[in-house]
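Fold and geometry: a report
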Amino acid sequence: MDEFSRFVDWDKMDVSAQSQDTKELTCTDFHELKQLARQGYWAKNHSLRAKVYHKLISNIPCRTVTPDANVYRDIVVKIVGKRSSSCLPLPEFVDNSLIPTYCLNAEGTGAVRKILLCIANQFPDISFCPALPALTALLLHYSRDEAECFEQVCRILACNDPSKRLIDQTFLAFESSCMTFGDLVNKYCQAAHKLMVAVSEDVLEVYSDWQRWLFGELPMAYVARVFDVFLVEGYKVLYRVALALLKFFHKVRAGQPMESDSIQQDVRAFVRDIAKSVSPERLLEKAFAIRLFSRKEIQLLQMANEKALQQKGITVKQKSSVIQNLLNYCFSVFCVVFLRQNVHLAVHAENFKSEIVSVKEMRDIWSWIPERFALCQPLLLFTTLEHGCSLSRFYSHSEGHEPTLLLIKTTAKEVCGAYLSTDWSERRRGGNKLSFFGTGECFVFRLQPEVERYEWVIIKHPELASTGSETENHAQPDSSSLSSSSIPSDPSDRLSPFLAARHFNLPSKTASMFMAGSNECIIVGGGDGQALYLDADLNHGRTSHCNTFNNQPLCSESFQISILEVWGFRD
């Protein structure tokens, strides 16, 4: 066996990882390295993988003072003392996470606890890092000794490159990553999300397991392949693989009976036993087939979710004393429970009353909206039954609220609507002309006669506004350039499909064509060619449908409005 075998139980290790072929890795080009990582070039050679990990981690930019192997040798005896390593307590920041043993021998499982305690001593600013035990256990398989493993974990924790996110170290970062994952599931795994909503009382609680799936439940052969790519490409890889796991779970379990109180355990069990249905190669192939947003766009979404949590009172906790630590921890737990209850109970049966949708239908809509707004409760802003059919009153009651929810019931009993991400006051920027604005979080949907949500809202048919309104303003190109063929097909070509460009001073001409308003009409664009047009008297409307993906139309091509409601979001 090689020099990196001290902590490995080879009876547990995958036979394919025991190859002793004399492979070397000499490339330094990022794109070539990325391809080799995805292909598993060093996956079947234990020694080569250990050397690659050492090389990649040693290249991570870190703080000036980062604990190294010598620091570990200096402090380990003082911290551990004569206590048995198997009985050592875990640091509070791991949140009682299980330490996966993977293919470690008895010495290795004890060494993980020693390393974690020494990390806690050197990183007092870490307040919440449940993935750290698994990360440490994994790296120990490829370390010569405990000190080397300690140094590698410390370099990952001490990364100071603002563009490179590696591991969540605070409660705020962890919780916002869970919300971000929920948003990505909502976009990329709609079938799985629909299943989760149907069988789970709290979807966010299920999605909050996403890091545990990767660093805790995945078998050794799988998590090592994920980590290979993670070290090269970064945090985005973790989202990809977690989404792929959920897609496979839905494929395998769809149609089978599931109970709401067991869905979380069901997903965990599926991931633990994934070898029964999916190979590591197939998992990564699925993960990289997802056309995920750019790293920058995901970072913007993460920032928005962090801001929402901060507004709810979730902030980075400072450690000052044992008592204060306990109070901070309890407060954090309270906030999580409180927030997650809000996610499930935001639409209260006792307080919610709509003439268009039921409580259950509103809860279904709530499961589609971004996680940071799912923390809020619906607030009725406008209804034609009370405020009349006036577009000016529609604007006056809706302005000042962001986002809003539009619900429409037609005289033919059809029910449709739209989630609108931007304040309607933005329309004023175009003067008297029809002004386009909004973000890619907008979407249109149908509830009756069948439920359907249309993603990737963008106004593809501005000619709908041709009756009495100009279809362009100083910031927009002419209508011919707004056709569907001119819209970039790759989401990464657009500026943040989640967030308004104005929030980050990032200009774009095609990123804000999701909703439009003037004194004469309203237009809301819809993915797959869907677009909704409402005239000024709020009595009539029509839709445009491009049958690109054979979706059913939003509603009748021309319809009369029976009731229209606008809902806001109340903290």
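Summary of the structure given here.

The rules behind the values
Residues numbered from 1 in each chain as written. Predicted model: local features only at pLDDT ≥ 70, side-chain atom pairs only at ≥ 80, totals over all residues. Heavy atoms only, no water. Helix = DSSP H or I, 4+ residues; strand = E, 2+ residues; numbered from the N terminus. Buried < 20%, exposed > 50% of the residue type's maximum accessible area, 1.4 Å probe, protein only. Contact = heavy atoms within 4.5 Å. Areas by Shrake-Rupley, 256 points an atom, 1.4 Å probe, with all protein chains shown as cover. 1 Å grid on protein atoms, 1.4 Å probe; cavity = no way out; pocket = protein on both sides within 12 Å on 5 of 7 lines; lining within 4 Å. Points joined across faces, edges and corners; volume = space filled by probe spheres on them. Nonpolar A, V, L, I, M, F, W, Y, C, P; charged D, E, K, R; others polar. Domains from an automatic or database assignment. Phe/Tyr/Trp six-rings, centres within 6.5 Å; stacked < 30°, edge-to-face > 60°. Lys NZ or Arg CZ within 6 Å of the ring centre and 35° of its normal.

1. Structural notes on the overall build of the protein chain
- Looking only at helices and strands, the protein chain features 20 helices and eleven strands.
- By residue count, 58% of the 571 residues in the protein chain fall in the buried class.
- The long-range share in the protein chain, meaning contacts at least 24 apart out of those at least 6 apart in sequence, stands at 75%.
- Working note: accessible area of the protein chain is about 24100 Å², and carbon and sulfur atoms make up 49% of it.

2. A closer look at unusual backbone geometry
- The omega angle of the peptide bond from glutamate 402 to proline 403 is 0°, so this bond is cis rather than trans.
- Counting through the fold element by element, proline 403 comes out in the loop between helix H20 (391-398) and strand S2 (404-410).
- The peptide bond linking glutamine 448 to proline 449 adopts the cis configuration, its omega dihedral lying at 10°.
- Phi angles above zero are rare outside glycine, and lysine 413 is one such case at about 70°.

3. Focus on the environment of glycine 110
- Position of glycine 110 among the secondary structure elements: in helix H4 (residues 106-122).
- Linking glycine 110 and serine 86, residues 24 residues apart in sequence, is a C-alpha distance of 4.9 Å.

4. Brief notes about the layout of surface pockets
- Of the pockets and cavities examined, the second largest pocket occupies roughly 750 Å³.
- For the second largest pocket, the lining is made up of 28 residues, of which Asp161, Pro162, Lys164, Arg165 and Leu166 are closest to its centre.
- No other element matches helix H15 (residues 295-311), which puts six residues into the lining of the second largest pocket.
- Split into classes, the residues belonging to the lining of the second largest pocket amount to 13 nonpolar, six polar and nine charged.
- Viewed by domain, the lining of the second largest pocket spans two of them, domain 1 (1-163) and domain 2 (170-320), each represented by three or more residues.

5. With respect to the packing of aromatic side chains
- Applying the stated criterion across every chain, the model contains 26 aromatic pairs.
- Their ring planes at 75° and their centres at 5.6 Å tell us that phenylalanine 394 and tyrosine 395 sit as a pair that is edge-to-face.
- Within the aromatic cluster, the residues linked to one another by ring pairs are Trp366, Trp368, Phe373, Tyr419, Phe443, Phe445 and Phe569.
- The cationic tip of arginine 38 hangs over the ring face of phenylalanine 288; the distance from NZ or CZ to the ring centre is 3.6 Å.

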